[in-house]
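Chains, contacts and geometry: an overview
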Amino acid sequence: MAIQWYPGHMAKARREAEEKLKLVDFVIELVDARAPHSSENPVLHQLLQNKPKMVVLMKKDLADARITEQWIQYYNEQNIAALAIEANNKKDIQRVIHLAKELGKSKMEKLQARGVRPRALRAMILGIPNVGKSTLINRLANKKTAITGDKPGVTKKQQWIKVKKDFELLDTPGILWPKFEEEEIGYRLAAIGTIKDTILPKEDVAAYILDYVSSHYPELLEQRYGFQSYDDIMFAFEQIGKKRGCLESGGVINFEQTSDVILQDLRSGKIGLISFERPD
């Protein structure tokens with residue numbers, strides 16, 4: 001089942017991004033380290049064509065470090081510069097700046113060879129909503145220049161932001177593609193909070209999370225909720241609901257509250273460091 005979701009401002013953002021691409025030297029594409037493939041926008045591949053790009057895997061502090069390393073190796077094998085960061089880590093921010101300068105070095109050398117006066121590198125930051133673009137921009141600029149929030153779609157327009165004398169960034173609203181052809185992609189993005197919680201039933205997303213963690217990280221399920229496996233998803237919800245006090249009168253489990261607990265536990269890293277995809 002394909003999940004369709006393409007608000008009007010997303011279509012407008014795509015058109016604007018396409019128009020501005022000719023103004024930049026390279027692109028910085030942000031993906032979520034927990035689901036790099038699902039959070040990578042296939043529409044961007046059509047837009048970028050031969051424009052150089054680097055991939056930044058955001059929120060590495062919430063992902064399985066072993067799997068993240070596999071993703072870095074995968075991108076490097078595709079001749080794509082990539083690194084994983086935690087946006088509040090100053091050393092990681094410096095790594096982004098260093099890699100960006102390396103990526104733009106050849107462009108600057110070509111401009112100088114043509115007699116063009118030296119100028120700051122120009123880059124466009126692209127990524128789907130709520131992947132951490134505004135937070136990264138604020139860290140790079142070392143001040144609050146972009147609006148941040150924990151809900152998808154906070155950035156509504158493009159703006160140029162200076163990063164010291166190194167380069168200039170063109171921030172853009174997050175762009176989603178028209179629909180998710182693979183249903184699981186929708187569930188992954190819903191699980192990590194990239195798409196709004198109203199798109200898919202929260203109970204279904206919470207059940208997806210529990211099934212995935214039970215299959216791939218059973219020890220984390222044991223540590224957080226006291227069980228590793230189950231035959232019936234209702235059992236899992238009941239155990240978590242009782243443990244976390246998601247009860248209505250008469251001791252009946254409130255499944256919506258229990259789903260909220262599971263979603264927040266995952267997104268905050270309380271369940272543990274989890275990756276929903278591997279390069280293979």
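In the block above lies the structure referred to throughout.
The paragraphs below set out a description of the structure included in this document. (Residues numbered from 1 in each chain as written. Predicted model: local features only at pLDDT ≥ 70, side-chain atom pairs only at ≥ 80, totals over all residues. Heavy atoms only, no water.)

With that settled, the discussion passes to the packing of aromatic side chains. The full count for this structure, using the stated rule, is 11 aromatic pairs. Measuring from ring centre to ring centre gives 5.5 Å for Tyr74 and Tyr75, while their planes differ by 65 degrees; the resulting arrangement is edge-to-face. You can call Tyr75 buried: its relative accessible area is 2%. Judged by centre distance (5.8 Å) and plane angle (50 degrees), the ring pair of Phe237 and Phe255 falls under tilted. In this pair, Phe237 sits in helix H9 (residues 233-243) while Phe255 sits in helix H10 (residues 255-267), placing the two residues 18 residues apart along the sequence. A connected cluster of aromatic rings, assembled from ring pairs, spans Tyr187, Tyr208, Tyr212, Tyr217 and Phe276. (Phe/Tyr/Trp six-rings, centres within 6.5 Å; stacked < 30°, edge-to-face > 60°. Buried < 20%, exposed > 50% of the residue type's maximum accessible area, 1.4 Å probe, protein only. Helix = DSSP H or I, 4+ residues; strand = E, 2+ residues; numbered from the N terminus.)

Turning to helix H3 (residues 65-77), a few remarks are in order. Taking 1.5 Å as the rise per residue, H3 with 13 residues should run 18 Å; its terminal C-alpha atoms sit 19 Å apart, in good agreement. For H3, the complete set of buried residues consists of Ile67, Thr68, Trp71, Ile72 and Tyr75. Buried residues of H3 fall within an arc of 150 degrees about the axis and therefore sit on the same side. H3 presents Arg66, Glu69 and Glu77 as exposed residues on the side facing more than 90 degrees away from its buried surface. (Expected span 1.5 Å × (residues − 1). Arc of directions from axis to C-beta.)

With a phi close to 60 degrees, Lys59 is a non-glycine residue in the positive phi region. Overall, the relative accessible area of 22% leaves Lys59 in the partly exposed class. The phi dihedral of Asn79 is positive, around 60 degrees, even though this residue is not glycine. If you trace the backbone, Asn79 turns up in the loop between H3 and strand E4 (81-84). Looking at Asn79, the relative accessible area reads 74%, which means it is exposed.

Just distances and angles here, no functional claims.
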